[in-house]
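# Examining the three-dimensional arrangement
Now for the letters of each chain:
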Amino acid sequence: MNKSVIRKKILKVRKKSSKNLEINFNNILKILNKCKTSGKIIGGYYPYNHEIDAIKILEKFGKLGYQISLPKIKKNSQMDFFKWSKKDLLSINNYGIPEPVSNKIVYPNILLVPLVAFDKHLNRIGYGGGFYDRYLKKVKKIKNIVTIGLAYSFQKVQKIPVNKYDIKLDFIVTNEKN
């Protein structure tokens, strides 16, 4: 199956099946303890189109002293992450996704990544814009970053077709026990 067929199929299922499913925050903490990541800057995303609610997870990290950041989409399908807290305003971008109004760019040590589908080899499909692949390629030149995909278990597929631009995730956490 090609990426667009997988994307359509999973998005249809996700729209019907995602209610009341959550990720256990402790599963993410276990991963971070294994990685021994020293940085306390975490990048997340504002949930869109029935994605896992990363904001709830980010709020828990905020209570543990992490600096929270969210992405802003720029020209040429680029994005950067900007400092954000629950009390900060958000503006709606051209895709209908809330973004921080802050202009303080930060480079996360940990990145929670949304996805449409994934496979056992930690490959992912997003919405097809390549935003996260481009961002990760850029940031990995500057610093180490731990990438954790957030997904519902039903988003797992047998095999994701990959190309030279696709960047694997380090971990994927689902609503089922990982």
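That block above? That's the structure.
All of these numbers come straight from a predicted model, not from anything done at the bench.

## Examining the overall build of the protein
If you tally the helices and strands in the protein, you get four helices and eleven strands. Computed over the C-alpha atoms, the radius of gyration of the protein is 15 Å, within 12% of the 16 Å expected from 2.2 N^0.38 for a compact globule of 178 residues. Projected onto its principal axes, the C-alpha coordinates of the protein cover approximately 40 × 35 × 35 Å. By the burial criterion, 44% of the 178 residues in the protein qualify as buried. Carbon together with sulfur atoms contributes 52% to the accessible area of the protein, which is approximately 10000 Å² in total.

## Quick word on the packing of aromatic side chains
The description of two aromatic rings rests on the distance between their centres and on the angle between their planes. All told, the structure shown has seven aromatic pairs when counted by the stated rule. Where F81 meets Y132, the ring centres are 6.5 Å apart and the plane angle is 65°; that geometry is what we call edge-to-face. Here Y132 lies in helix α4 (residues 131-139) and F81 lies in strand β3 (residues 79-83), a separation of 51 residues in the sequence. Each member of the pair F81 and Y132 is classed as buried. In this structure an aromatic cluster arises from ring pairing among F25, F61 and Y66. When the ring centre of Y66 is taken as reference, the NZ or CZ atom of K40 above it lies at 4.5 Å. Lying over the aromatic face of F82, K72 brings its terminal NZ or CZ to 4.4 Å of the ring centre.

## So, helix α3 (residues 54-63)
For α3, every residue scored as buried is listed here: A54, I55, I57, L58 and F61. Down the axis of α3, the sector holding all buried residues measures 160°, keeping them to one side. Where the residues of α3 are buried, they touch α2 (25-35), β1 (41-43), β2 (67-73), β7 (110-114) and β10 (146-151). Here α3 starts with a cap whose side-chain oxygen sits 3.0 Å from the backbone nitrogen of I55, and that cap is D53. One or two positions beyond α3, positive phi appears at G65, with a value near 90°.

## A look at the pairing of β7
Most of β7 is tucked away, with five of its five residues classed as buried. Alternating residues of β7 divide into I110, L112 and P114 and L111 and V113, and every residue in both groups is buried. Two elements, β1 and β7, share two bridges in a ladder whose sense is parallel. Its bridge partner being in β7, I42 is matched across the sheet by I110. In this structure, β7 lies alongside β10, joined through five bridges in parallel fashion.

Cut-offs used in this document
- Note that residues are indexed from 1 along each chain, following the sequence as it is written.
- Side-chain atom pairs in this predicted model are given and counted only at pLDDT of 80 or more, local residue features only at pLDDT of at least 70, and totals for whole chains, interfaces and linings cover all residues.
- Excluded from the side-chain calculation are hydrogens and water; included are all heavy atoms of the structure.
- Strands here mean DSSP runs of E at least two residues long; helices mean DSSP runs of H or I at least four residues long; both are numbered from the N terminus.
- All radius of gyration figures rest on C-alpha atoms, and the globule criterion is 2.2 Å times the number of residues raised to 0.38.
- Between buried and exposed lies partly exposed: a residue is buried under 20% and exposed over 50% of the maximum accessible area for its type, with that area taken using a 1.4 Å probe on protein chains only.
- Each accessible area value is a Shrake-Rupley result obtained with a 1.4 Å probe; residue values ignore everything except the protein chains displayed when judging cover.
- Each Phe, Tyr or Trp ring (for Trp, its six-membered ring) is paired with any other whose centre lies within 6.5 Å, and the angle between the two planes then decides the class: stacked below 30 degrees, edge-to-face above 60, tilted in between.
- Here, a charge over a ring means that NZ of Lys or CZ of Arg falls within 6 Å of the ring centre while also lying within 35 degrees of the ring normal.
- Starting at the helix axis, one direction is taken to each C-beta atom, and the arc is that of these directions.
- Every residue pair with non-hydrogen atoms within 4.5 Å of one another is taken to be in contact.
- In protein, a polar contact means a hydrogen-donor-capable atom and an acceptor-capable atom, both N or O and within 3.5 Å, with residues adjacent in sequence counting only if both atoms are side-chain atoms; elsewhere, any N or O pair within 3.5 Å suffices.
- Two strands form a pair only when DSSP identifies at least two bridges running between them.

Fair warning: the whole summary comes from geometry, so function is off the table for now.
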